[in-house]
Amino acid sequence: MTIVQGILLVLIIVSFILYLAKFRKGFIDKIILLMLLACGITFIVVPDITSAIANKIGVGRGVDLIFYLFIMTSVFLLITLYSKIKFLEKELTSLTRELAKEFAKKSE
Amino acid sequence: MKKSDVYIIIPSYNEGEELIKTIKGLSALGYNIVVVDDCSTFPAIDFINNSDIKCHCLRHLINLGQGAALQTGTEYALKNKAKYVVHFDADGQHPVEAIDQALSKFEVDENLDIVMGSRFLNAEHTSSVPKKRRFVLKVARLINYLFTGLLLTDAHNGFRVISAKAIPKLVLTQNRMSHATEVLNLVKKNKLNFIEIPIHVTYTDYSMEKGQSAFNSINILFELIIKKIIP
């Protein structure tokens, strides 16, 4: 692997992490998923590509490459799902709170 | 300050007799009492209506957690023009005397934002805290310091009195038990003026059984770490 490849890889990984932590946008999430889908389809239709890429970046076999990509995709999906859950929790809390305040009772 | 300026918020989950006892103990003070019923199986309002006590009662239709209940009660108090909001446990662990003690601190210092209770400012109070709890709290204190930069003597005390002007800067978003740490975070972030006062917490068999286990601190730690990564 050349230095340029190394630097590009690091850049992509760092921007990915930064994106996850700070700049999330639903639109970009979908683009990322589409790209991953495109990768998936490519690997199925042209399986030899996986070995070629794997050799270039120094990963064992094409299968290993797919494995790593799968892990990264899963982590990404899990984080997006978790964020959605947290958001829903916030909404539920808001609703429950407004209802509680609206229907407050006094002892009788 | 007038009696009607003070609102005592009591989050309650499945507390019946104890809640009534606690409210009766507080009623002599003459302040407003707000019970926030966090979706108890048997609604708190039924216990309240069957007893001879006066208070407000709000009910969460789903169970959100103690932090959320406190925030709901606090917002309700503010809606009713409260000047001081007290956070007080339903199970009889908190001392009634501490409320006036805390309120007097506000009379002395008008820039004070929040008074927090501590079990460890005084040897006698400290010794009444069960050993295992003491150890967990000492560790919690250090972890709180790591996360918030504030080293208080008591990391996890639910007793606090907040002045109305500070409340917009103390919005609780952590619904469950990590509100204590969230309060510290907000105090630090918004540079609020705070002091700790010594309070004596009464541990009874009932409250110990119902209270948090040491393991819950792991839950809280987990929540804190996750919140740092995924705000």
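One can find the structure itself at the top, above this paragraph.
Described in the following lines is the structure provided in the data block.

About the thresholds
- Residues numbered from 1 in each chain as written.
- Chains lettered and ligands numbered in written order.
- Predicted model: local features only at pLDDT ≥ 70, side-chain atom pairs only at ≥ 80, totals over all residues.
- Heavy atoms only, no water.
- Phe/Tyr/Trp six-rings, centres within 6.5 Å; stacked < 30°, edge-to-face > 60°.
- Helix = DSSP H or I, 4+ residues; strand = E, 2+ residues; numbered from the N terminus.
- Buried < 20%, exposed > 50% of the residue type's maximum accessible area, 1.4 Å probe, protein only.
- Salt bridge = Lys/Arg side-chain N within 4 Å of Asp/Glu carboxyl O.
- Patch = residues over 30% accessible without salt bridge, like charges linked within 9 Å, V, L, I, M, F, W, Y side chains within 5 Å.
- Areas by Shrake-Rupley, 256 points an atom, 1.4 Å probe, with all protein chains shown as cover.
- Core = buried A, V, L, I, M, F, W, Y, C linked by side-chain atoms within 4.5 Å.
- Contact = heavy atoms within 4.5 Å.

1. Some remarks on the packing of aromatic side chains
Residues and elements named next belong to chain B. Across all of its chains, the model carries three aromatic pairs over all chains by this definition. Measuring from ring centre to ring centre gives 5.0 Å for Y84 and F106, while their planes differ by 55°; the resulting arrangement is tilted. Placement of the pair is Y84 in strand β4 (residues 84-87) and F106 in helix α4 (residues 97-108), with a sequence separation of 22 residues. The burial state of Y84 is the same as that of F106; both residues are buried. Plain terms: the ring middles of F88 and F159 are 6.1 Å apart, the flat faces sit at 75° to each other, and that makes the pair edge-to-face. Pair noted here: F88 is in the loop between β4 and α4 and F159 is in the loop between α6 (131-148) and β6 (160-163), with a separation of 71 residues, a long-range link.

2. Some thoughts on the pattern of salt bridges
When their charged atoms lie close together, side chains carrying opposite charge are able to pair. All chains considered together, the criterion is met by nine salt bridges over all chains. A:D64 serves as the salt-bridge partner of A:R61, at 3.4 Å between the closest nitrogen and oxygen. We classify A:D64 as partly exposed; its relative accessible area is 22%. Between A:K101 and B:E75 there is a salt bridge, with its nearest N and O atoms 2.7 Å apart. Taken together, the residues span two chains, with A:K101 in helix α4 (residues 62-102) and B:E75 in helix α3 (residues 66-79). Judged by relative accessible area, B:E75 falls into the partly exposed class, the value being 24%. Through salt bridges that share partners, A:R97, A:E98, A:K101 and B:E75 make up one connected network.

3. Topic: a nonpolar patch on the surface
The grouping of A:L34, A:L37, A:I41, A:I44, A:V45 and A:V46 at the surface amounts to a nonpolar patch, some 600 Å² of accessible area in total. Tracing the backbone shows A:L37 in helix α2 (residues 26-45).

4. Focus on the nonpolar core
With 37 residues, the main nonpolar core has B:I10, B:I99 and B:F159 as its most contacted residues. Those elements that place two or more of their residues in this core are β1 (6-12), α1 (17-27), β2 (32-37), α2 (44-50), β4 and α4 of chain B. Apart from the residues lying within four places of it in its own chain, the contact partners of B:I10 are B:L19, B:I23, B:L26, B:I33, B:V34, B:V35, B:V36, B:F88, B:D89 and B:A90. A:A100, B:V85, B:A166 and B:V187 belong to the second-largest nonpolar core, a separate cluster that totals 26 residues.

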